[in-house]
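Examining the three-dimensional arrangement
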Amino acid sequence: MKILYFTASGNSLAVAKTLGGERISIPQAVKENQFTFEGDAIGIVFPTYCCVPPKMVRDFVVKANIKADYLFAIATYGFAEGIVLEDLAAHAKNITFDYMTSIKMVDNYLPNFEIGRQIDTLPKKKVDENLKVIVDDIHSRRKYIQPPNRIARLATWYCAPLLRSQETGLAAKSFIIDGKCTQCGTCARVCPNGNIKVTDKVAFSENCASCFACLHNCPQNAIHLPNERSEKRWRHPEVSLKEIIDSNDQSR
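Remember, it's a predicted structure, so these values are computed and weren't measured experimentally.

Some remarks on the overall build of the chain
A count of helices and strands for the chain gives eleven helices and ten strands. For 252 residues, the compact-globule estimate of 2.2 N^0.38 gives 18 Å, and the chain sits close to it at 17 Å. In terms of principal-axis extent, the alpha carbons of the chain reach across some 50 × 40 × 30 Å. Looking at the chain residue by residue over its 252 residues, the buried ones come to 53%. If you take every contact in the chain between residues at least 6 apart in sequence, the share linking residues at least 24 apart comes to 76%. Accessible surface computed for the chain: about 12,000 Å², of which carbon and sulfur atoms make up 50%. A gap of 2 Å separates the mean positions of the 32 positive and 27 negative side-chain charges of the chain.

Here it is in structure tokens:
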């Protein structure tokens, strides 16, 4: 089994690790111009941004040539999954999925959510229990496509202006670097778009994915938003900083 994944704060990578098999980072595949994959079972695991997949994931599946006896997709989300699966399928015109579902985890979107409260609500989300069902489904090769409901479509409509704003690529221009920054370069290495350069200061370009990998993985907690709801950060406890770097580093 091969798992193609995109991760910023570790939720989707944690799911990919639980599934087992060979893991392939989508940002690294894009960097290496690798879009052809074959296997008995292949999955795509990714987060939900404003009710749709990240732009890199959407662009990736447009180009991808995937041949598998069983093809599945899993979207992680924190508040509303919207039409994330339907949108992925619409972009993947040359791919037919056998199984598509979503799983609710911690929402890392700092303008809207306080991370401490998100962590406190984890028991109610029953992540481990729901993930076990998904793993069992995939191992048994269950065929199932999770449909969006009316609320999901309304959430997608509500989030559309925010999505348009995020996909200008300019979001990082508002990020604030405080005095705790040591210019260690971690932010640049966890950025899937290679949007950050570190010299004697941190400089953001105009290709921000709004994934917040730099904010959540900064060792000094030195990167902030002007409107963040929380100074607390999130990286999935089963995912290391090195794993995020290995997944996203565009300088290797």
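Here we look at the pattern of salt bridges
For the structure shown, the criterion picks out twelve salt bridges. Its salt-bridge partner being K143, residue D98 comes within 3.8 Å of it at the nearest N-O pair. Residue D98 is located in the loop between α4 (84-91) and β5 (99-104), and its partner K143 is located in the loop between α7 (127-139) and β6 (144-145); the two are separated by 45 residues in the primary sequence. Between R142 and D137 there is a salt bridge, with the nearest N and O atoms lying 3.2 Å from each other. On the basis of relative accessible area, R142 is assigned to the partly exposed category, the value being 36%. The exposure class of D137 is buried, given its relative accessible area of 11%.

Digging into the nonpolar core
Of all hydrophobic cores here, the largest spans 54 residues; its most connected members are L4, L19, F46, F60, I66, I74 and F97. Of all hydrophobic cores here, the second largest spans 22 residues; its members include F113, F175, V202 and F212.

Comments concerning the sheet that holds β6
One key point about sheets: their strands pair by backbone hydrogen bonds, in either a parallel or an antiparallel sense. As summarised here, the arrangement of the six strands in space is β2-β1-β3-β4-β5-β6, forming an open sheet in which the pairing is parallel. The sheet is open, and its two borders are formed by β2 (22-25) and β6, each paired with just one other strand. Of the strand pairs in this sheet, β5 and β6 are connected by two bridges, and their pairing is parallel. By the bridge assignment, M100 is partnered in β6 with I145. Running over the sheet, α4 touches β3 (36-47), β4 (65-77) and β5 and is turned about 140° from β5.

Some details on helix α1 (residues 11-19)
Within α1, seven of the nine residues are buried, which leaves the element mostly enclosed by the surrounding structure. Among the residues of α1, N11, S12, L13, A14, V15, A16 and L19 are the ones counted as buried. One or two positions beyond α1, positive phi appears at G20, with a value near 85°.

With respect to the pairing of β5
Across the six residues that make up β5, a large majority, five, are buried. Pairing geometry for β4 and β5, over six bridges, is parallel. Residue pairing in the sheet places Y77 in a bridge with K104 of β5. A crossover links β4 with its parallel partner β5, the connecting element being α4, and its sense is right-handed.

Structural notes on the side chain of H216
Counting through the fold element by element, H216 comes out in helix α10 (residues 213-217). Every residue in contact with H216, bar those within four places of it in the chain, is listed here: S9, N108, L110, I115, R233 and W234.

Re the packing of aromatic side chains
Overall, the coordinates contain nine aromatic pairs when judged by the stated rule. Ring geometry for Y70 and F72: centres 6.1 Å apart, planes at 40°, overall tilted.

Section: unusual backbone geometry
Positive phi, normally seen in glycine, also occurs at C51, with a value near 75°. Relative to the assigned elements, C51 resides in the loop between β3 and α3 (55-63). Of note, the phi angle at R141 is positive, near 60°, even though the residue is not glycine. Here R141 falls in the partly exposed class, since its relative accessible area comes to 33%.

Calculation notes
Residues numbered from 1 in each chain as written. Predicted model: local features only at pLDDT ≥ 70, side-chain atom pairs only at ≥ 80, totals over all residues. Heavy atoms only, no water. Helix = DSSP H or I, 4+ residues; strand = E, 2+ residues; numbered from the N terminus. Rg over C-alpha atoms; globule rule 2.2 N^0.38 Å. Buried < 20%, exposed > 50% of the residue type's maximum accessible area, 1.4 Å probe, protein only. Contact = heavy atoms within 4.5 Å. Areas by Shrake-Rupley, 256 points an atom, 1.4 Å probe, with all protein chains shown as cover. Lys, Arg positive; Asp, Glu negative; His and termini not counted. Charge placed at Lys NZ, Arg CZ, Asp CG, Glu CD. Salt bridge = Lys/Arg side-chain N within 4 Å of Asp/Glu carboxyl O. Core = buried A, V, L, I, M, F, W, Y, C linked by side-chain atoms within 4.5 Å. Pairing = 2+ DSSP bridges. Axes fitted to C-alpha atoms, helices over the stretch in contact; angles between N-to-C directions. Right-handed = clockwise from strand over helix to strand, strands pointing away. Phe/Tyr/Trp six-rings, centres within 6.5 Å; stacked < 30°, edge-to-face > 60°.

So far we have only geometry, and geometry alone does not tell us how the molecule works.
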